[in-house]
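Commentary on secondary and tertiary structure
Residues per chain, in single letters:
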Amino acid sequence: METKQVKAYGSEAATEPLKEMVINRRAVQPHDVEFEVLYCGICHSDLHQIKDDFGPSFRPIVPGHEIVGRVTAIGDHVKNFKVGDLAAVGCIVDACGHCEYCETDLEPFCDEGVTYSFNSPDKISGGYTYGGFSKTYVCNEKYVLHMPEFKDMAAAAPLLCAGITVYSPLKHWGAAPGKKVGVLGIGGLGHLAIKIAKAMGAEVVVFTTSPSKVEDAKRLGADEAVLSSDEEAMAKYNRKLHFIIDTVSAKHDVNTYLNLLRHDGTVVLVGLPPEPLEIGAFNVVSGRRSFAGSNIGGIAETQEMLDFCFKHNITAESEIINIQEVNTAFERLEKGDVKYRFVIDMASLKI
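Residues numbered from 1 in each chain as written. Predicted model: local features only at pLDDT ≥ 70, side-chain atom pairs only at ≥ 80, totals over all residues. Heavy atoms only, no water.

1. Some thoughts on the state of the cysteines
This structure, assessed with the given rule, holds zero disulfides. No disulfide involves Cys99; its nearest neighbouring cysteine sulfur is the one of Cys96, lying 3.7 Å away. The thiol of Cys102 is not disulfide-bonded; the next cysteine sulfur, from Cys110, is found 3.8 Å away. Accessibility expressed as a relative area gives 6% for Cys102, which makes it buried. (Disulfide = S-S within 2.5 Å. Buried < 20%, exposed > 50% of the residue type's maximum accessible area, 1.4 Å probe, protein only.)

Shown next, in the form of structure tokens:
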């Protein structure tokens, strides 16, 4: 297949820093959209992938799956995009298209598995996908999103992963007026969960281990914020919450939060702790409570989320960096030293 050389940032080994390199993107196919990458968010799963935490990665690896750009070329059969349009790509760039899940806009559950936006076998080219830490991106139009004209386009980039990761369960479990929703952890996911749950009309209670984030949670829109080490404050919420979204990616005791649920309430895990979490039987049997998980939404739901966030002026609290600062950003991310998302200005990757 014909390819095109593109500048990017990636790594050759898990022990090596990211560096500038040239990759081969597939040429635009009849149903493809090509766009110049304007901004790309940095997600914690990017860090996991480059460190091989999820198993050996294909090398070279070019991360990035919160990708915003402007269309530069389209295939002959493309109907929904034109050159000059704003476009975006999130986690998924291909699926089988014909199983029951694909046919009902639930592509993440595809029977044949999905193609991710980087480090995934590309069925079209026969190679592997490269992510958004690059000058351009090419994707089948079915998986390309129409990016609304956000005032702060850079800060909107993290919506492509962090935004949909919290929007999907908040919608599925019914965050709405009259519902009391807990948000566990204030990071890249948690801070957006606060904003989105409030926009859905829910009452939002934040739980954090960090005293400095108690006040910040209120700035972000939370109705109440609780230091989880304060047993007296925590006890006030026993059997009070309809739903808790758990964004923590470290080992923690979820039983504490199961006991804050009303009957039929649910704790939904969206973080990815590296170790198994223990669930006490009585904590779910009592009150018919549930412990569940959620990943991302399908393409249609991701578009719905972007439109919802645009309507409610929701973007991520972001620190904009140049691509040359990406290794330092990953080091800081590993330490939790960011409020609350890094976004790369890809104009810094010169042609």
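Moving on, there is more to tell.
2. Let's talk about the pairing of strand S17 (residues 341-345)
Across the five residues of S17, four count as buried, placing the element largely inside the fold. Bridging between strand S3 (residues 32-42) and S17 involves four bridges; their strand directions are antiparallel. Pairing of Tyr39 across the sheet is with Asp345, part of S17. By the bridge criterion, five bridges tie strand S16 (residues 318-322) to S17 in an arrangement that is parallel. Across the sheet, Ile321 pairs through a bridge with Ile344, a residue of S17. Note on the crossover from S16 through helix H10 (residues 326-335) to S17: the handedness is right-handed. (Helix = DSSP H or I, 4+ residues; strand = E, 2+ residues; numbered from the N terminus. Pairing = 2+ DSSP bridges. Right-handed = clockwise from strand over helix to strand, strands pointing away.)

3. Some thoughts on the packing of helix H3 (residues 162-172) against helix H9 (residues 299-311)
For any two helices packed against each other, one specifies the inter-axial angle together with the distance between the axes. Look at H3 against H9: their axes get within 10 Å of each other, and the N-to-C directions meet at 100°. On the basis of the axis angle, H3 is roughly perpendicular to H9. Residues Gly163, Ile164, Tyr167, Ser168 and Lys171 of H3 touch H9, and the partners they reach there are Glu301, Thr302, Glu304, Met305 and Phe308. A breakdown of the residues in the contact of H3 with H9 according to their chemical character gives four nonpolar, three polar and three charged. (Axes fitted to C-alpha atoms, helices over the stretch in contact; angles between N-to-C directions. Parallel < 35°, antiparallel > 145°, perpendicular 65-115°, else oblique. Contact = heavy atoms within 4.5 Å. Nonpolar A, V, L, I, M, F, W, Y, C, P; charged D, E, K, R; others polar.)

4. A look at the packing of H3 against helix H4 (residues 188-199)
Two numbers describe how H3 lies on H4: the axes approach to 9 Å, and their chain directions differ by 50°. The angle between H3 and H4 places the two elements in the oblique class. Handedness of the crossing formed by H3 with H4: right-handed. On H4, the residues touching Ala162, Gly163, Thr165, Val166, Tyr167 and Leu170 of H3 are Gly188, Leu189, Leu192, Ala193, Ile196 and Ala197. Classifying every residue of the contact of H3 with H4 gives nine nonpolar, three polar and no charged. (Left-handed = near helix turned anticlockwise from the far one by under 90°.)

5. Side note on the pattern of salt bridges
This structure, assessed with the given rule, holds 18 salt bridges. A salt bridge links Asp32 to Arg26; its shortest N-O distance comes to 2.9 Å. Arg26 shares its class with Asp32; the two are buried. Put simply, Arg219 and Asp216 hold a salt bridge, and the shortest N to O gap is 2.5 Å. With Arg219 and Asp216 both in helix H5 (residues 211-219) and three residues apart, the pair spans about one turn of that helix. For Asp216, a relative accessible area of 11% gives the class buried. (Salt bridge = Lys/Arg side-chain N within 4 Å of Asp/Glu carboxyl O.)

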